[in-house]
Structure formats: C-alpha cells, structure tokens
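Summary of the model geometry
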Amino acid sequence: MKIAIIGFGAAAIGLIEKIKNTGAEIHIFEKSHDIYSSSISGIRADGKLFVSKEMGGDLNIDLDLQKKLVDFWIEKTGNGHFERGSSFANMEFYKHFYSKGFQPIISDFYHLGTDQLKEVLFNIYEEYKALSNIHFHFGQSVNKIEVSEDSVKTDDGSSFDKMFVAVGRSGHKLIKAIINEYPQIVLDSTKVDIGVRFELPNHVVEELNREMYEFKVKYKSKTGYMVRTFCNNPSGYVVTENYGDFITVNGHAKIKEKSKNTNFAILTTVQLTEPFNDPIGYGSNIAELSNMLGGKKVILQTYSHFRDSKRTKNLYRVQPTLDPAKYILGDINLAYPRRIIESIIDFIENLDEVVPGVANADNLVYAPEIKFYSNALSNQTFDNLKFIGDCSGFTRSIIYATAHGYILGEKILKD
Ligand SMILES: Cc1cc2nc3c(=O)[nH]c(=O)nc-3n(C[C@H](O)[C@H](O)[C@H](O)COP(=O)(O)OP(=O)(O)OC[C@H]3O[C@@H](n4cnc5c(N)ncnc54)[C@H](O)[C@@H]3O)c2cc1C
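Rules of the game
Residues numbered from 1 in each chain as written. Predicted model: local features only at pLDDT ≥ 70, side-chain atom pairs only at ≥ 80, totals over all residues. Helix = DSSP H or I, 4+ residues; strand = E, 2+ residues; numbered from the N terminus. Rg over C-alpha atoms; globule rule 2.2 N^0.38 Å. Buried ≥ 20, exposed ≤ 12 C-beta atoms within 10 Å, placed from the backbone. Contact = placed C-beta atoms within 7 Å. Pairing = 2+ DSSP bridges. Axes fitted to C-alpha atoms, helices over the stretch in contact; angles between N-to-C directions. Expected span 1.5 Å × (residues − 1). Near = placed C-beta within 6 Å. Nonpolar A, V, L, I, M, F, W, Y, C, P; charged D, E, K, R; others polar. Left-handed = near helix turned anticlockwise from the far one by under 90°. Domains from an automatic or database assignment. Core = buried A, V, L, I, M, F, W, Y, C linked by C-beta atoms within 7 Å.

What follows deals with the overall build of the protein. Scanning the protein for helices and strands turns up 10 helices and 23 strands. Here the C-alpha radius of gyration of the protein, 21 Å, is about what a compact globule of 415 residues would show, namely 22 Å. For the protein, the C-alpha atoms occupy an extent of roughly 60 × 45 × 40 Å along the three principal directions. Taken across its 415 residues, the protein has 46% of its residues classed as buried. Restricting the contact set of the protein to residue pairs at least 6 apart, pairs at least 24 apart contribute 77%.

Shown next, in the form of structure tokens:
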C-alpha cells in the first residue's frame, strides 16, 4: 500500500509509529525546508505532555494509551530529562478552588521544554529516515488534493492508495482548499477562544507552581461565558506568534533558562449560533483590530488599567518577559468586545480570592491571545482520505494528536 502523510508533526508521528513496520510505502510531505526548520507546531510548542480525559481534545482516549505515548516522547529525548506535575491531585487545592466557583481540571503532565522538543523531533526523524519504506519530502507544501474512488492525488500529481492529512493548525490553507472542494466533510464550526496572556511574578503563584506546575481551572463567569486558564508557564517567557495576517501572543517555558515571572492564558470560549459560521474570521478580525491599534505589535496593559479601561503609559513592579520591540503599551478595551473583557475581569477578580495577588494592579495583560478551533472534519466521508491531529478539529494537544494518528494507524492494520 502506498500512503501519503501531509505534515510531519505529532499526529503524523503517532501514525508512523504504528504503521512503520507494515511494509507500507510511506511518503511524508512537509512544508518546512528540512528537519532543522521543522517542529511540532512550528517549534513554538512548549512540550508539556498531558495525560487527562478532561482536556487535549474531543476524543475518548484511554489513559493507558496516553501514558504509553508520553513514555514514547520521553524516551526520544535520549536522556530522560523532564519536569513533572499533577494538576489538582491534592484534594485540599481542589476543594479550595471548587468552593469559590472554579471547576478544577485534573491532569498529569510531563514537561520536555521547547528546547528539548526540537531535539526529540530530530531523534525521531533520524530513526524513521533510516527505514527503507519511509520517504521524506521536505520543502513540499501540499496546497490541493484530489480524491477519487481508488486513489488520492497531491497537487504535483503523485497518486496514493490512502492519504492522511496531518497539517495541524498551520495547515489551515490546505484545509480550506479541501473544504471548498468537498464541503460535505465539515461537521461543525462555531467556536473560538479569545482572551489574554497574563503575567505576574513567580512568588504570587509559587505554591501553585510547586504543587502542580500547571494549574488548570474553568469558571462560568457572570456573563455566561466559560473562562479557563491555559498553558501556565512557571518561570516562563511571553512570545508572539505570527499568523501572517496578524500577530498574537503566547507563552512558553524552557527546561534550562528560567525567568522571574509566570505567564498563563485566560481564555473565553465564544460559541455562537446560526447564522454564524466563521469563528476563524471573527477571531482574526479581533486580532487584526488589536494589531491595528498596536501598530502591528501586541498590546500590553497593566491589570488595573485593563479593568478600568485606561491606556497604560508606564509599568511598575512587574517587568515583561516579552521582547520590548514586540509590544506597545495601550488599552485592550478598544479592540475587544465588552462581554469578553467582562468575563476575563470577573475571572481574575474571583481567582484573586483563591490566589491573593493575582489581581494586583501592576500585573501584566497582553492581547490578542486567540485559540482557533479547526472545523471538525469527518473521517467517514472517504475511505482513502483521513484527517488526523489538530487539523481534524478533534485534538488540541501533542498527546491527543499523537494518539489520533496512532489509533487511525491501528485501524488501517485491522481493515
Ligand atoms: C505555541 C504553542 C504551544 C503549544 N504548547 C503545547 C504543549 O505544551 N503541550 C501540548 O500538548 N500541546 C501544545 N500545543 C499544541 C500542540 O503543539 C498541537 O496540538 C500538536 O502539535 C498538534 O499536532 P499535529 O500533528 O496535528 O500538528 P503539528 O504538530 O502542528 O504538525 C503539523 C505539520 O504540518 C506541516 N504543514 C502544515 N501545512 C502543510 C502543508 N500544506 N503541506 C505540508 N506540510 C504542512 C507543518 O509544518 C507541521 O510540521 C502548543 C501549540 C502552540 C501553537
């Protein structure tokens, strides 16, 4: 069987791991020029590997399989180095957050770090490259595909028995082109997470960082929107992400180099109903408006100014870890809808009751931070075309994406 995999990220790796010894001829098309410029979600991922039923994607993935895949990634470090934590394993913390209206999310996780994740990817690539049935095609962005009953073709005319599209979120242009051609594959498209990146001194959240590393909570705000923490980075760094048309903010932590601040996202899930059908357009427009005000930079504001809708002109005790060339002091209220701002403020004020100091006036708020959900795509429409990982709309994490590839690989073996 001749198989094409588009994209070499977490989902592709899960799939290859399962089918590499079947004798199938596997061709991997990756738009990055080589393995050095390639990486899981474009090298920005922080390498936190979660084992949880409550987050990471909308698939039911057995916890044993999740842990097995964590062990796989850790083994590929070659040195076994990682940091570890458990979110809300300690019931005292659980009850404390719960009593103030928060829904704590239980998960175990293993942190490899951005720096180490790159080495892991390289090690995996070297191993696959040595197999005679695996062929890498770097620098080949697939922009269009054609499905017929007995084959699937890429835009350069190569023909395959089966194709797995594993392009993550950065492959949204290819997904859009496929949806235009085959609109029947779309299952759902109404959600987007819009929020801010919050940064504060380590000592304010020291106990939480020590206890859990990543604390994850959800909260139903007074506006009715669900708000959640996401991607907590103790001693981490705030960074920007360039989507081409706009720039957003993000955060990560390294295994070796440490800062004095902790950052995490506070995200509001905006779920709109008919006739709304363009969550990516909605989020992109808000991001573009923020960038317009920030002169193509992200906006940074102190928390009290964010709450009181005043432009920030000076910072006080908390100094940003984001490169000064990448932000401008301003007022996020000029770009974000009121309901989102109110939801975030409500979240922070309530969190301050559980973790005093979170609502300190000089803590930092960055925008835009936006997480797009890919459209949920059907894997039932075509026998020879499957979507795995984040581009399928069913996963949002390294382990869920790896597992999705792995499970679909298992399915080919059975069919
Ligand atoms: C900043 C950031 C931090 C994150 N941190 C974490 C974390 O700590 N823990 C966690 O579990 N998850 C994290 N995630 C999410 C996680 O990285 C993704 O859920 C996961 O990588 C999805 O795997 P994937 O295989 O679907 O896509 P990806 O890993 O993104 O791989 C997709 C691949 O497809 C390639 N590609 C795209 N388009 C094309 C095309 N047209 N033709 C050919 N190739 C193409 C890309 O170059 C890429 O190599 C983070 C994401 C981001 C953006």
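So, on to the sheet that holds strand 3 (residues 48-51). The antiparallel open sheet is built from three strands, whose spatial order is 3-6-4. The open sheet terminates on both sides in strands that have one partner only, identified here as strand 3 and strand 4 (83-87). Sheet twist, expressed as the mean angle between neighbouring strand axes with direction ignored, is 20°. Looking at chain direction, strand 4 and strand 6 (residues 107-111) are connected through five bridges and run antiparallel. Following the sheet pairing, glycine 85 is matched in strand 6 by phenylalanine 109. Across the sheet, helix 2 (residues 63-75) touches strand 3 and strand 6, and the angle it forms with strand 3 is around 160°.

So, about the pairing of strand 3. Residues of strand 3 alternate between two faces, with Lys48 and Phe50 on one and Leu49 and Val51 on the opposite face, all of them buried. Note: strand 3 against strand 6, four bridges, orientation antiparallel. Bridging from a neighbouring strand, lysine 48 pairs with histidine 111 of strand 6.

What follows covers helix 4 (residues 114-129). The end-to-end C-alpha distance of helix 4, which contains 16 residues, comes to 23 Å, matching closely the 22 Å that a straight helix rising 1.5 Å per residue would cover. When we look at burial in helix 4, the residues that qualify are Thr114, Gln116, Leu117, Val120, Leu121 and Tyr125.

Around the ligand there are 38 residues in total, and Gly7, Gly9, Gly168, Gly171 and Gly389 lie nearest to it. For the shell around the ligand, the secondary-structure elements that each account for two or more residues are helix 1 (10-19), strand 2 (25-30), strand 3 and helix 10 (398-414). Its residues assigned to classes, the shell around the ligand comprises 17 nonpolar, 14 polar and seven charged.

Attention shifts here to the packing of helix 1 against helix 10. Interaxial distance between helix 1 and helix 10 falls to 6 Å at its minimum, and their mutual angle equals 35°. For the pair helix 1 and helix 10, the crossing hand works out as right-handed. Side by side, helix 1 and helix 10 meet where Ala10, Ala11, Ala12, Ile13, Gly14, Leu15, Glu17, Lys18 and Ile19 of the first sit next to Ile398, Ala401, Thr402, Ala403, His404, Gly405, Tyr406, Leu408, Gly409, Glu410 and Ile412 of the second. Broken down by class, the residue content of the contact of helix 1 with helix 10 amounts to 12 nonpolar, five polar and three charged.

Our focus in this paragraph is the domain arrangement of the protein. It is common to report an interface's size as the accessible area lost on association of the parts. Domain annotation for the protein reports domain 1 (2-77 + 112-188 + 375-414) and domain 2 (191-372). In this structure, domain 1 and domain 2 have C-alpha centres spaced 29 Å apart. At the interface, nine residues of domain 1 touch 11 residues of domain 2. For the side of domain 1 that touches domain 2, the element with the highest residue contribution is helix 4, accounting for three residues. Looking at side-chain class alone, the side of domain 1 that touches domain 2 contains one nonpolar, three polar and five charged residues.

Below, the discussion takes up the environment of leucine 300. Within the secondary structure, leucine 300 is located in strand 19 (residues 298-302). When sequence neighbours within four positions are dropped, the list of residues in contact with leucine 300 reads Thr312, Pro320, Tyr327, Ile328, Leu329, Leu364 and Tyr366.

The subject of this paragraph is the nonpolar core. Core analysis: the largest hydrophobic core is formed by 111 residues, its most contacted members being Ile5, Leu15, Ala166, Tyr366 and Ala367. Mapping this core onto the domain boundaries places at least three of its residues in each of domain 1 (2-77 + 112-188 + 375-414) and domain 2 (191-372).

Let us look at the sheet that holds strand 15 (residues 226-233). Strands sit in the order 5-14-15-18-13-21-19-20 across an open sheet of eight strands; the sheet is mixed. Of all the strands in the sheet, the pair left with one neighbour each is strand 5 (102-104) and strand 20 (327-329). Recorded for the sheet is a direction-independent mean angle of 30° between the axes of neighbouring strands. Sheet topology note: the strand 19/strand 20 ladder contains three bridges and is parallel. The residue of strand 20 that forms the bridge with isoleucine 299 is isoleucine 328. The sheet strands contacting helix 3 (residues 91-99) are strand 5 and strand 14 (217-220), and the helix crosses strand 5 at an angle near 155°. Contacts between helix 9 (residues 338-354) and the sheet are confined to strand 5, strand 13 (191-201), strand 14, strand 15 and strand 18 (261-271), with strand 18 contributing the most and set at about 135° to the helix.

Glancing now at unusual backbone geometry. In this structure, proline 368 follows alanine 367 across a cis peptide bond, with omega equal to 5°. Here proline 368 shows up in strand 21 (residues 364-372). Even without a glycine there, the phi angle at tyrosine 213 is positive, about 65°. By secondary structure assignment, the location of tyrosine 213 is in the loop between helix 6 (206-212) and strand 14.

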